[in-house]
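Read off the chains here:
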Amino acid sequence: VMYYQRAGYAKQPPYADPRWADTASHIGPGQDREARLHSDKNNALTARDVSGGWYDAGDYNKYTNWTADYIKTLLLAYEARPSVWGDDFNIPESGNGLPDVLDEVKWGLDSLIRLQNEDGSVLSIVGLANGSPPSAATGPSFYGPASTSATLTTAAAFANAAAIYGALGQSDLEPYAQDLAARARLAWQWAEANPTV
């Protein structure tokens, strides 16, 4: 189900039911790869890549707290019963040697990485234009400022994921796990110094 909610990713057979197939969305000019700060929409200097992540359940916005919570929930499900999570759930990453649930988690983590500022803070939201199907949306994307709440939930998601990916013992994932752990520490430090933003 999360695969169908991926923003900026084509859903095509054999991974998607033909009735729900669509090309990648929100990747045009001024959209997710060139989104601007909502409070400074006319300033091209605020443009940044906020691509990836998952649509919200009822709209195309991407809420950082929700994304972090989805990640934590998927990681908890994996931790509870790792043996039931195979590498064969028919997503594009199936067969790569990593349980597909952790591949989907990585899709969300990579989007949160793009939302993290150099000081450790994390942007609170990305607003996307509507369209049906999603690829029909042509309006611009905008992001909101960093918040303590978004930063704390992201820190927890990064820390949880770092522990799980690091424990897998796969050498190709070790640098990723270390990067997540460092990002979690940086986010936590920013949130401690900015408790009410």
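Everything numeric here is computed off the predicted structure, so don't read it as measured data.

A. Examining the side chain of Ser 147 more closely. Looking at the element boundaries, Ser 147 is found in the loop between strand S4 (142-143) and helix H3 (148-167). Those residues within four positions of Ser 147 in sequence are excluded, and the remaining contacts are Val 122, Ser 124, Trp 190 and Val 197.

B. The arrangement of the packing of aromatic side chains in detail. The full count for this structure, using the stated rule, is eight aromatic pairs. Both rings, one in Tyr 165 and one in Tyr 176, keep their centres 5.8 Å apart while their planes meet at 85°; by these two values the pair is edge-to-face. With Tyr 165 in helix H3 and Tyr 176 in helix H4 (residues 174-193), this pair connects stretches of sequence that are 11 residues apart. Taken together, the ring pairs in this structure connect Tyr 3, Tyr 4, Tyr 9 and Trp 107 into an aromatic cluster.

C. Structural view of the pattern of salt bridges. Under the definition given, this model contains seven salt bridges. Note that Lys 72 and Asp 69 form a salt bridge whose closest N and O atoms lie 3.2 Å from each other. Remark: Asp 69 and Lys 72 occur in helix H1 (residues 64-80); sequence separation between them is three residues, near one turn of the helix. Taking relative accessible area as the criterion, Lys 72 reaches 19% and is therefore assigned buried. Overlapping salt bridges, with partners in common, bring together Arg 6, Glu 93 and Glu 104 in one network.

D. Representation of H3. Under the 1.5 Å per step criterion, the end-to-end length of H3 is 29 Å for 20 residues, consistent within 8% with the ideal 28 Å. Of all the residues in H3, the buried ones are Thr 148, Ala 150, Thr 151, Thr 153, Thr 154, Ala 155, Ala 157, Phe 158, Ala 161, Ala 162, Ile 164 and Tyr 165. Where H3 is buried, its residues meet H1, helix H2 (100-115) and H4. Count one or two residues on from H3 and you reach Gly 169, which has phi positive near 75°.

E. Spotlight on the environment of Leu 115. Considering the arrangement of structural elements, one finds Leu 115 in helix H2. Residues Leu 115 and Thr 154, spaced 39 residues apart in sequence, show a C-alpha to C-alpha distance of 9.6 Å.

Conventions and cut-offs
Going along each chain's sequence as written, the residues are numbered from 1 onward. The predicted origin of the model limits local features to residues at a pLDDT of at least 70 and limits the giving and counting of side-chain atom pairs to 80 or more, whereas totals for whole chains, interfaces and linings rest on all residues. With hydrogens and water stripped out, all remaining heavy atoms of the structure feed into the side-chain values. Secondary structure elements are taken from DSSP: a helix is a run of H or I of four residues or more, a strand is a run of E of two residues or more, and numbering for both begins at the N terminus. The contact rule is simple, with two residues in contact once any of their heavy atoms fall within 4.5 Å. Classification of ring pairs rests on two measures: the distance between centres of Phe, Tyr or Trp rings, Trp counted by its six-membered ring, which must be within 6.5 Å, and the angle between planes, read as stacked under 30 degrees, edge-to-face over 60 and tilted in between. Throughout this description, the term salt bridge denotes a Lys or Arg side-chain nitrogen within 4 Å of a carboxyl oxygen of Asp or Glu. For each residue, the accessible area found with a 1.4 Å probe, counting protein chains only, is set against the maximum for its type, and the residue is called buried under 20%, exposed over 50%, and partly exposed in between. A helix's residues, less one, multiplied by 1.5 Å, set its expected span.

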